Amino acid sequence: MEICDRGDSADAGEDFVRLWTAAQRKVFLSIFALVHNLADAEEILQQTSVVLWRKFSEYRRDQDFTRWACGIARYEVLKHRQAKGKAALPISDDLVERLSAATIREMDDLDRRRDALQQCLEELLPRHRELIRMRYEEDCRPEGLAVRLGRTADAIRRALHRIRMRLLECMDRKLADEEA
């Protein structure tokens, strides 16, 4: 188990910034899921980032940084609840713990699904991948795609439907393989 060494603060600072930047959105979402108040969630996120930096020397590189950060954020939520008084959030600390764990599981599931989708997109024929890209990245409606590609809007809709079904089947297969 390798502990992050903050002896060289420049390297540690770079490591922390890189890891924190990648994890910050998920940590914020896990906090917001527990407090349901944007201002409180932002305040807790700021406090969490301070605590993470202070405790960064305790972070082990074999740990998932996001999970570690969400665990610390959960404690910051509990401290925030105590400071505000339990009346501010009429739920038990045990429920906060369970919600936090469920939020982390959901984020992990979304990550797995996103990764599977990315892999499946790469397996598409280039023309199908381009059609999906135009539809979703450019937000081009089937009618606009029909004009651009010289096809009917119905033909575009059918093609998109077939491609989406292939993607869904591919994702289901990849996720099932991952679980096996």
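One structure accompanies this document, and this report is about it. (Residues numbered from 1 in each chain as written. Predicted model: local features only at pLDDT ≥ 70, side-chain atom pairs only at ≥ 80, totals over all residues. Heavy atoms only, no water.)

**As for the pattern of salt bridges**
Keep this limit in mind: For this document, the term salt bridge refers to a Lys or Arg side-chain nitrogen within 4 Å of an Asp or Glu carboxyl oxygen. Numbering of helices and strands runs from the N terminus, with a helix taken as a DSSP run of H or I at least four residues long and a strand as a DSSP run of E at least two residues long.
Counted by the stated rule, this structure contains 16 salt bridges. For the salt bridge of arginine 60 with aspartate 62, the shortest nitrogen-to-oxygen distance reads 3.3 Å. Between aspartate 109 and arginine 112 there is a salt bridge, with its nearest N and O atoms 3.7 Å apart. Highlighted residues: aspartate 109 and arginine 112, both in helix H4 (residues 93-123), separated by 3 residues, approximately one helical turn. Through salt bridges that share partners, Lys26, Asp111, Arg114 and Asp115 make up one connected network.

**Quick word on the environment of aspartate 94**
Along the chain, the position of aspartate 94 falls in helix H4. Sequence-wise, aspartate 94 and leucine 78 are 16 residues apart; in three dimensions their C-alpha atoms are separated by 10.0 Å.

**Remarks on the layout of surface pockets**
What counts, and what does not: We place a 1 Å grid over just the protein atoms. Points where a 1.4 Å probe fits but has no way out form a cavity, open points with protein on both sides within 12 Å along at least 5 of 7 lines form a pocket, and any residue with an atom within 4 Å of a point lines it. Grid points are joined across faces, edges and corners, and a volume is the space filled by probe spheres set on the points. Residues are grouped as follows: Ala, Val, Leu, Ile, Met, Phe, Trp, Tyr, Cys and Pro are nonpolar; Asp, Glu, Lys and Arg are charged; all remaining types, including Gly, are polar.
Space inside the largest pocket adds up to approximately 200 Å³. Going through the elements one at a time, helix H1 (9-35) and H4 are the ones with two or more residues in the lining of the largest pocket. Considering every element that reaches the lining of the largest pocket, the biggest residue donor is H4, with 6 residues. Split into classes, the residues belonging to the lining of the largest pocket amount to 3 nonpolar, 1 polar and 5 charged.

**A look at helix H5 (residues 126-137)**
What counts, and what does not: Multiplying 1.5 Å by the helix residue count minus one yields the expected span of that helix. Under the scheme applied here, a residue whose accessible area is under 20% of the maximum for its type counts as buried, over 50% as exposed, and between as partly exposed, the area being computed with a 1.4 Å probe on protein chains only. The directions from the helix axis to the C-beta atoms form the arc being described.
In this model H5 runs 15 Å from its N-terminal to its C-terminal C-alpha over 12 residues, within 8% of the 16 Å that 1.5 Å per residue would give. Where H5 is concerned, the buried positions are His128, Leu131, Ile132, Met134 and Arg135. Projected onto a plane normal to the axis of H5, the buried residues spread over an arc of 160° and lie on a single side. Residues of H5 that are exposed and angled more than 90 degrees away from the buried face: Pro126 and Glu137. Phi for aspartate 139, located one or two positions after H5, is positive at around 55°.

**Observations concerning a positive patch on the surface**
To keep it simple, the criterion reads: For patches, a residue must show more than 30% relative accessible area and have no salt bridge; joins then use 9 Å for like charges and 5 Å for nonpolar side chains, namely Val, Leu, Ile, Met, Phe, Trp and Tyr. To measure how exposed things are, a 1.4 Å probe is used in the Shrake-Rupley method; for residues, cover is taken only from the protein chains shown. Counting rule applied: Lys, Arg positive; Asp, Glu negative; His and chain ends not counted. Taken as the charge location is NZ of Lys, CZ of Arg, CG of Asp or CD of Glu.
On the surface, a cluster of positive charge is made up of Arg127, Arg151, Arg158, Arg162 and Arg166. Here the positive patch takes 3 residues from helix H7 (residues 153-179), the largest share from any one element. In this fold, arginine 127 is placed in helix H5. Among the residues examined, arginine 127 registers a relative accessible area of 61% and is labelled exposed.

**A word on the packing of aromatic side chains**
For clarity, the cut-off: Pairing of aromatic rings covers Phe, Tyr and Trp, the last through its six-membered ring, and needs centres within 6.5 Å; plane angles under 30 degrees mean stacked, over 60 mean edge-to-face, and all others mean tilted. Note on criteria: charge over ring means Lys NZ or Arg CZ within 6 Å of the ring centre, with the direction from the centre no more than 35 degrees off the ring normal.
All told, the structure shown has 11 aromatic pairs when counted by the stated rule. Ring geometry for phenylalanine 16 against tryptophan 53: centres 5.2 Å apart, planes inclined by 65°, an arrangement best described as edge-to-face. Here the residue phenylalanine 16 occupies a position in helix H1, and tryptophan 53 occupies one in helix H2 (residues 38-55), the gap between them amounting to 37 residues. A relative accessible area of 30% means that tryptophan 53 is categorised as partly exposed. Between phenylalanine 16 and phenylalanine 65 the ring centres are 6.3 Å apart and the planes differ by 80°, which places this aromatic pair in the edge-to-face class. Here phenylalanine 65 lies in helix H3 (residues 65-84) and phenylalanine 16 lies in helix H1, a separation of 49 residues in the sequence. Judged by relative accessible area, phenylalanine 16 falls into the buried class, the value being 8%. By the ring-pair criterion, three or more aromatic residues cluster together here, those being Phe16, Trp20, Trp53, Phe56, Tyr59, Phe65 and Trp68. Sitting over the ring of tyrosine 75, arginine 74 keeps its end group 5.4 Å from the ring centre.

**Considerations on the nonpolar core**
Stated precisely, the cut-off is as follows: Buried Ala, Val, Leu, Ile, Met, Phe, Trp, Tyr and Cys residues that are joined via side-chain atoms within 4.5 Å together make up what is termed a nonpolar core. Whether two residues touch is decided by their heavy atoms; if any such pair falls within 4.5 Å, the residues are in contact.
Of all hydrophobic cores here, the largest spans 28 residues; its most connected members are Trp20, Val27, Ile31, Phe56 and Phe65. Among the secondary structure elements, those contributing two or more residues to this core are H1, H2, H3 and H4. Considering each element in turn, this core owes the most residues, 10 residues, to H1. Residues in contact with phenylalanine 65, not counting those within four places in the same chain, are Phe16, Leu19, Trp20, Ala23, Phe56 and Tyr59. Core analysis: the next-biggest nonpolar cluster, separate from the first, contains 19 residues, Leu131, Ile132, Ala146 and Ile156 among them.

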